[in-house]
Amino acid sequence: MTAKIEARAGESAAEGRDAGRREVLQYALRRFGVYLFTLWAAITVAFFVFRLVPGDPMNILLGNLTRAEGRQRDKAAEEALIAHYREIFGMDDPLPLQYVNYLRKAVLGGLDLGPSFVEYPAQTKDLVFRRMPWTIGIFTTSVLLAWLVGTVLGALIGWLQRSRLSQLAVVISTLLQITPVYLVALGLIIYVGYTWRILPAGGPYARHLQPEWTWEFISSLLTHAILPMLSNMIVIGAGFTLGMRALMISVLGEDYLTFARAKGLSPFTVLKDYAFRNALIPQVTALAIIVGATLNGTFIIEVLFQLPGLGTLFVQAMGLRDFNTMQAVVLFSIFAVLTLTLIVDLALPLLDPRIRRTA
Amino acid sequence: MPALLEIRGLSAGLQGRRSITQVVSHVDLDVQRGEILGVVGESGCGKSTLATAIMRLLVPPQVLQSGSMTLRLKDGKSYELLDLPEADLRQLRWRHLSYIPQGSMNSLNPVLRIERQMTDILIQHGLTREEALKRSIAALELVNLEPRLLDSYPHELSGGMRQRVIIAAAVSMRPALIVADELTTALDVVTQRQILQELAGIRDELGATILIITHDMGVVAQIADRVAVMYAGKVAELGTVNGIFESPLHPYSQGLIGSIPREGGQRVEGLPGEAPSPWNYPAGCRFHSRCPHVIDRCRAEAPALLPQGEGRWAACHLYEPEVLSNA
Ligand SMILES: Nc1ncnc2c1ncn2[C@@H]1O[C@H](COP(=O)(O)OP(=O)(O)OP(=O)(O)O)[C@@H](O)[C@H]1O
Ligand code: SF4
Ligand SMILES: [Mg+2]
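Residues numbered from 1 in each chain as written. Chains lettered and ligands numbered in written order. Predicted model: local features only at pLDDT ≥ 70, side-chain atom pairs only at ≥ 80, totals over all residues.

Trainee: So what exactly am I meant to see when it comes to helix α1 (residues 47-54) of chain B here?
Mentor: Every α-helix carries 3.6 residues per turn, so stepping three or four residues along brings you back to the same face. Residues and elements named next belong to chain B. For α1, the tally of buried residues reaches 8 of 8 residues, placing the bulk of the element in the interior. Buried residues of α1: Lys47, Ser48, Thr49, Leu50, Ala51, Thr52, Ala53 and Ile54, and no others. Trailing α1 by a residue or two, Arg56 shows a phi angle of about 55°, which is positive. (Buried ≥ 20, exposed ≤ 12 C-beta atoms within 10 Å, placed from the backbone. Helix = DSSP H or I, 4+ residues; strand = E, 2+ residues; numbered from the N terminus.)

See below:
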């Protein structure tokens, strides 16, 4: 009789797997819906926040211009100019209409986010695209490298939690993690860049070079990228190390680990299939969360190392109150972060069978 | 015939900042070939500590303090478990020595399929994938489970099924000794009964020896041949299940048997008070704070585990020759 009951239970497990597959699809669709909604919400919030900043950007802009050129202010001409600009930028329309137009252009007009105030008629989209490779290059590479290194180091430190070396590593990682990115960057610039002169301390590549596909240029590019990336990696990597260590230690206390050891599996198998594999799941989620939180650090690094990325673009635009450009930078950052998070979240069911059920 | 496992003077404790708090004290126990030996006692009396010490799976702050354990296999080989290096121990595990830990419904890795978790160790012991699969399927049949369960993840199974998978995994290499800690505690009564029956069947079919650890005298009554009653880290009484249930010698055994729910549901005279924790084991006989028959000597002197005829042992001053003759 028991056998019958269990046989039926077995069948239901198989049915469960088909249902599981359906649920993965549902999960993916739902996750994509959330992604679109978040994107829309972010665009909307960014739009209104920048519109609601007190002061008319046009006035500030023209004031800057005329003062810079030291000319007598010609009231009439100035007003005509402002009126002209306001028309171009559609700023006389009521706010809701501006918003609808903005959305329409952004979605249907191929990410048309309007022209830059300052570099009119240059499109903010083009400004952003020109700068984006730098930010993506530095940011993505350093975060991914930091994640890889941090995950492996953290796993080892957690696995060997009782050894002296592990305890030392925890202290060092904690110190590094709480240090602000700009201090690490400044430290590297001062010591490695200027005092010891081991690596270039700033700029995208050596000044006398032109961007071209030569070994000289590429190697200059790479050596210039080391310190900015290292600044980012040290701080983020320390965080990932500590996070993975904590995850490992909590997994090591799980009953299935005791059981794996009781079976007599080799320590390497226990580490690989039972401890690391399980700790990895939340660590992947951590990657998605950290991605958003560390982008601003990358912007600071770009400014400190004088790299022509989105961060420097944003700071320049801020100085000139070029709201359209600032807004475009913010939107593209949000877009990039949300997309990375989406990719990570969609990858999770591959790692964790339980999500296929519960999500 | 010598015992399959001979435990002598086994002590284990918890490493504190300055000193070790002893949890299990000088346990002497022979596990006979082919028997089901129950170890029974209240929660916190050190049953799991004893089981993990036997399996050499103590993790800090738990420490082994002293003792010896000899495992004698059928082929004549014998092993001093406490002296064995970790690598040799791994060779023994699962092949000769299986362990079903307490809370073992959570002992399956949630992100690996059952197949992987049953076969990985078989493959490590040198079986091919096909042989490993065949053995796993045969083991699943012993506990009335369908082979197709191999494709499942643990969360797709009920608690009883997971428990059976663990048992199947533990017996898949036909080990000489299976140590099972609180095997059925989290299960409903019907499932508990079925699983215990399957376990008894496995003993008969594979000729395995089973050390079953439980706080439930009912489990002991259903499945065990002999029982060791543990109190506060020591063996209080040892004997056949029939013998002890008919005439428990140690006052603690009497109390335990008295507190099994009888037909009709009412409990008969339970034990007063609470079991002491290792940090305040009483001096002398550790049971003296709760014992209805306590005498002066009990507070000063710990009773030794002494033979009381026909395979019965008890650790109580009441049964020591000079006390008996005074009475
Ligand atoms: N790792 C540990 N850390 C702290 N205390 C522990 C540890 N292991 C065991 N103990 C303590 O040792 C005593 C015996 O524990 P053990 O788990 O062996 O008891 P048990 O008889 O198996 O109880 P239960 O029936 O609840 O499983 C308990 O008081 C427990 O609190
Ligand atoms: S030794 Fe004394 S206190 Fe202990 S069980 Fe026997 S009578 Fe009770
Ligand atoms: Mg226990």
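Trainee: Explanation requested: the packing of helix α3 (residues 114-124) of chain B against helix α4 (residues 129-142) of chain B in the structure shown.
Mentor: Packed helices, taken two at a time, are described by the angle their axes make and the gap between the axes. Residue and element names in this part refer to chain B. It is the contact of α3 with α4, at a shortest axis distance of 9 Å, that shows an interaxial angle of 130°. Taken as axis vectors, α3 and α4 run oblique relative to one another. As α3 packs across α4, the resulting crossing turns out to be right-handed. Here Met118, Thr119, Leu122 and Ile123 of α3 come into contact with α4, specifically with Arg129, Ala132, Leu133, Arg135 and Ser136. (Axes fitted to C-alpha atoms, helices over the stretch in contact; angles between N-to-C directions. Parallel < 35°, antiparallel > 145°, perpendicular 65-115°, else oblique. Left-handed = near helix turned anticlockwise from the far one by under 90°. Contact = placed C-beta atoms within 7 Å.)

Trainee: Help me out: how do you make sense of the interface of chain B and chain A in this one?
Mentor: Interfaces are often sized by the amount of accessible area the parts lose when they come together. Facing 32 residues of chain B, the contacting portion of chain A comprises 28 residues. Take the side of chain B that touches chain A: its biggest share by element is 3 residues, from α3(B). For the side of chain B that touches chain A, a count of residues per class yields 15 nonpolar, 11 polar and 6 charged. (Nonpolar A, V, L, I, M, F, W, Y, C, P; charged D, E, K, R; others polar.)

Trainee: Any chance you could explain the sheet that holds strand β6 (residues 97-100) of chain B here in plain terms?
Mentor: Hydrogen bonds between backbone atoms are what pair the strands of a sheet, whose relative direction is either parallel or antiparallel. All names here are of chain B. Within the open sheet, the 8 strands sit side by side as β6-β7-β8-β3-β9-β10-β12-β11. Their pairing is mixed. The open sheet terminates on both sides in strands that have one partner only, identified here as β6 and β11 (306-307). Here strand β7 (residues 177-181) pairs with strand β8 (residues 209-214) via 5 bridges, running parallel. The residue bridging Val179 from the neighbouring strand is Leu211, located in β8. Along the sheet face, helix α5 (residues 159-171) touches β6 and β7 and points at about 170° away from the line of β6. (Pairing = 2+ DSSP bridges.)

Trainee: Looking at this structure, I do not really get helix α11 (residues 310-319) of chain A. What am I missing?
Mentor: Residue and element names in this part refer to chain A. Every buried residue of α11 is listed here: Leu310, Gly311, Leu313, Phe314 and Ala317. Along the long axis of α11, the arc covered by the buried residues comes to 160°, so they all point the same way. Its buried side turned inward, α11 meets α5 (124-159), α10 (267-304) and α12 (323-351). Note on α11: the residue one or two positions beyond its end, Arg321, has a positive phi of about 50°. (Arc of directions from axis to C-beta.)

Trainee: Teacher, can you tell me more about the pairing of β8(B) here?
Mentor: On a regular strand, each side chain points to the face opposite its neighbour's, so the side chains alternate between the two faces of the sheet. All names here are of chain B. Counting buried positions along β8 yields 6 of 6 residues, so the element is predominantly enclosed. In β8, alternate side chains face the same way, and those of Thr209, Leu211 and Ile213 on one face and Ile210, Ile212 and Thr214 on the other are all buried. Following the chain from β7 across helix α6 (residues 189-206) to the adjacent parallel β8, one finds a crossover that is right-handed. (Right-handed = clockwise from strand over helix to strand, strands pointing away.)

Trainee: What am I meant to see in the site of ligand 2 here?
Mentor: Taken together, 14 residues form the shell around ligand 2, and within it Cys285(B), His288(B), Cys291(B), Cys298(B) and Cys316(B) come nearest. Looking at the shell around ligand 2, its residues break down into 10 nonpolar, 4 polar and no charged. (Near = placed C-beta within 6 Å.)

Trainee: Would you mind going over the site of ligand 1 with me for this structure?
Mentor: Residues and elements named next belong to chain B. With respect to spatial proximity, 16 residues lie near ligand 1, and among them Ser43, Gly44, Lys47, Ser48 and Thr49 are the closest. Broken down by element, the residue count for the shell around ligand 1 peaks at 3 residues, all from α1. A breakdown of the residues in the shell around ligand 1 according to their chemical character gives 5 nonpolar, 10 polar and 1 charged.

Trainee: Sorry, what's going on with the environment of Ser104(B) here?
Mentor: With respect to the helices and strands, the residue Ser104(B) is situated in the loop between β6 and α3. Considered as a pair, Ser104(B) and Asp296(B) are 192 residues apart in the sequence and their alpha carbons are 43 Å apart. Apart from the residues within four sequence positions on either side, Ser104(B) is in contact with Asp255(A), Phe259(A), Gln163(B) and Ile166(B).

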